[in-house]
Amino acid sequence: MSDAANPLRDVQDRRLPRIAGPSGLVIFGVTGDLSRKKLMPAVYDLANRGLLPPGFSLVGFARRDWEDQDFAQVVHDAVKEHARTPFREEVWQQLAEGMRFVPGVFDDDEAFENLKATIEELDKSRGTGGNFAFYLSVPPKFFPTVVSQLKKHGLSDGGQDSWRRAVIEKPFGHDLKSAQELNSVVHGVFKPDQVFRIDHYLGKETVQNILALRFANTMFEPLWNRSYVDHVQITMAEDIGIGGRAGYYDGIGSARDVIQNHLLQLLALTAMEEPASFHAKALVTEKLKVLNAVRLPSDLGKHTVRGQYAAGWQGGHKVQGYLEEEGIDPESKTDTYAAVRLEIDNRRWAGVPFYLRTGKRLGRRVTEIAVVFQRAPHSPFGATDTQELGQNALVIRVQPDEGVTIRFGSKVPGTQMEIRDVTMDFAYGESFTESSPEAYERLILDVLLGDANLFPRHQEVERSWEILDPVEEYWDEHGKPEQYPAGTWGPQAADEMLARDGRSWRRP
Ligand SMILES: NC(=O)c1ccc[n+]([C@@H]2O[C@H](COP(=O)([O-])OP(=O)(O)OC[C@H]3O[C@@H](n4cnc5c(N)ncnc54)[C@H](OP(=O)(O)O)[C@@H]3O)[C@@H](O)[C@H]2O)c1
């Protein structure tokens, strides 16, 4: 078949490693926590896996009096401490040659002119071809300033033969109105396909596996609906407190920090219809459709709960409560635990509750999606035979112990007919020899390739705020969060919320 007649000629074989073309990455806020712990190591790991072009360049922008070599030393230390793959001197040397540092604050015009000159120099010396991604790893209040400065200094448009992209960290706004305002600033500078909003959960292998599990198999999808599913529980539990992030966290809280983005994205992937393809547009269409069908219950007092951790014990240590943490207003009403019940008004899910919960200082660090099935409509076994039989469940373990568990009843060996719950397990660590890349590795590579599949679009972000805003407003007007001892599974009201529905939370 001639090339022109071959309908697959433009289709890239996605089994092959995808390697970024000539390009560079500019990180704003390069001295920050995220940059040191995640971004710098991810860049090194990509280079180590041979996924970056030979002339790849990394530019740091921050208010420090550093030379290029000082910056390279900081990256070196961060890589040594946090990289996933082994340190190899030859990879490091090649990467270090393309490192530049631009000192400055965000409203400093001269610094942005220096940045422009640095990019031009890199195009000449490293062959970056004018292709640059700008990673805004900065406090959210500076997103508009940095975006506007990029436009003002002619950095947001690479011209005809090169690309410019903006990567924006979370949180994207703190309610619908602020998200819309930010979107309008960003879209005044960048076209929609130039903007990559980070929800790092979408970069996790296990989250992408939700789509593989559902749409690459035949045995799950027939059960994935209201005829068989009793309810779905989506949990992101942390055992840590707020650490040194009081300034960021207080006033934001767990629902805005986690439910608005990570948990609603997990819900969308779990509940959406099969997309026409795995291209960004088709995925967004389906995610948005299901998010648009999400409905909050009318009685928010009964179907939402917020809590705040009090002093308690965790891992054998006594830990202080949220209100005693350094930098927290002792009168703070910020939630460190949030649970909501959502319904999805469509044919597949009508009447099936989706319970979302997140919290800090809970019993264990775990993120999972549990699809809990209805009980068998009739049991031929006597009640005494099935004492320990629960409901069938399929649990996608997002982290840690990444994998999938299926729970079902099985006969206990012996002469009598006793049935008990057992589990069947798939664990990434056992089935595959490759270790999973860090989410940020995948996402940075996707940005350099211009692949937007794993990045929420502005409509999704706005719709998610639209879902959460009424809950936050209700909480603002009604009392305070309930205290729960650190190391437990959250406030009592959360257990009561499910008990009223005749259900209980999983204790992972
Ligand atoms: N850390 C995480 O694990 C995490 C997770 C998810 C999302 N995020 C998001 O990622 C972004 C960065 O977070 P982070 O934890 O790395 O924050 P961070 O540790 O507070 O770092 C913020 C960075 O911004 C710089 N900066 C602040 N004000 C500046 C100004 N006026 N001019 C120039 N530079 C300025 C800081 O420089 P100085 O060193 O000079 O102060 C620092 O490099 C935020 O949007 C955050 O919400 C972080």
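Since the structure is predicted, the reported quantities are computational estimates derived from the model, not experimental observations.

Helices and strands together make up the secondary structure of the protein, namely 15 helices and 18 strands. Seen through its principal axes, the protein has C-alpha atoms that stretch 80 × 70 × 40 Å. In the protein, buried positions account for 54% of the 508 residues. Put simply, of all contacts in the protein between residues at least 6 apart along the chain, 77% involve residues at least 24 apart. Element-wise, carbon and sulfur atoms account for 50% of the exposed surface of the protein, whose accessible area totals about 23,300 Å².

Before going further, it helps to examine the nonpolar core. Grouped burial of nonpolar side chains is what soluble globular proteins tend to show. By size, the foremost hydrophobic cluster in this structure holds 125 residues, and its most contacted members are Phe28, Leu115, Phe134 and Leu356. With residues up to four places along the chain from it excluded, the contact list for Phe134 reads Val26, Phe28, Leu115, Ile119, Leu150, Leu155, Arg164, Arg165, Ala166 and Val167. If you look at the next biggest cluster of nonpolar residues, it comprises 21 residues, including Ala246, Val305, Tyr309 and Leu498.

This part covers the environment of Pro22. Inspection of the secondary structure assignment puts Pro22 in the segment before β1 (24-28). Residues Pro22 and Gly130, 108 residues apart in the sequence, show an inter-C-alpha distance of 8.5 Å. Setting aside its immediate chain neighbours within four residues, Pro22 contacts Pro53, Gly127, Thr128 and Asn131.

Moving on: the sheet that holds strand β3 (residues 99-103). Reading across the sheet, the six strands line up as β3-β2-β1-β4-β5-β6 and stay open at both edges, with parallel pairing between neighbours. Strands at the two margins of the open sheet, each flanked by one partner only, are β3 and β6 (195-197). The mean inter-strand angle of the sheet, taken between neighbouring strand axes irrespective of direction, is 20°. Here strand β5 (residues 164-168) pairs with β6 via three bridges, running parallel. Across the sheet, Ile168 pairs through a bridge with Arg197, a residue of β6.

A residue-level look at the protein finds 95% of positions with pLDDT of 70 or above and a mean pLDDT of 93. Low pLDDT, under 50, characterises residues 1-5; the predicted model gives this stretch four contacts beyond four residues in sequence or across chains.

A few words now on the pairing of β5. The side chains of a regular strand alternate, first on one face of the sheet and then on the other. The buried fraction of β5 is high, at five of five residues. As paired strands, strand β4 (residues 132-136) and β5 are joined by five bridges and run parallel to one another. By the bridge assignment, Leu136 is partnered in β5 with Ile168. Taking the sense of rotation as the criterion, the β-α-β connection linking β4, helix α5 (residues 143-152) and β5 turns out right-handed. Handedness of the crossover joining β5 and β6 through helix α6 (residues 176-189) is recorded here as right-handed.

With that settled, consider the side chain of Ser137. Mapped onto the secondary structure, Ser137 falls in the loop between β4 and α5. Non-local contacts of Ser137, meaning those with residues more than four positions away in its chain, are made with Ile27, Phe28, Gly29, Leu34, Ser35, Leu39 and Glu169.

Around the ligand sit 21 residues in total, of which Thr31, Arg63, Arg64, Val138 and Lys170 are the nearest. A distance of 2.9 Å separates a nitrogen atom of the ligand from a polar atom in the side chain of Asp33. Bound to the protein, the ligand loses 78% of the 890 Å² it would expose on its own. Grouping the constituent residues of the shell around the ligand by class yields eleven nonpolar, four polar and six charged.

Calculation rules
- Residues numbered from 1 in each chain as written.
- Predicted model: local features only at pLDDT ≥ 70, side-chain atom pairs only at ≥ 80, totals over all residues.
- Heavy atoms only, no water.
- Helix = DSSP H or I, 4+ residues; strand = E, 2+ residues; numbered from the N terminus.
- Buried < 20%, exposed > 50% of the residue type's maximum accessible area, 1.4 Å probe, protein only.
- Contact = heavy atoms within 4.5 Å.
- Areas by Shrake-Rupley, 256 points an atom, 1.4 Å probe, with all protein chains shown as cover.
- Core = buried A, V, L, I, M, F, W, Y, C linked by side-chain atoms within 4.5 Å.
- Pairing = 2+ DSSP bridges.
- Axes fitted to C-alpha atoms, helices over the stretch in contact; angles between N-to-C directions.
- pLDDT = per-residue confidence, 0-100.
- Right-handed = clockwise from strand over helix to strand, strands pointing away.
- Near = heavy atom within 4 Å.
- Polar contact = N/O pair within 3.5 Å; in protein donor to acceptor, adjacent residues only side chain to side chain.
- Nonpolar A, V, L, I, M, F, W, Y, C, P; charged D, E, K, R; others polar.

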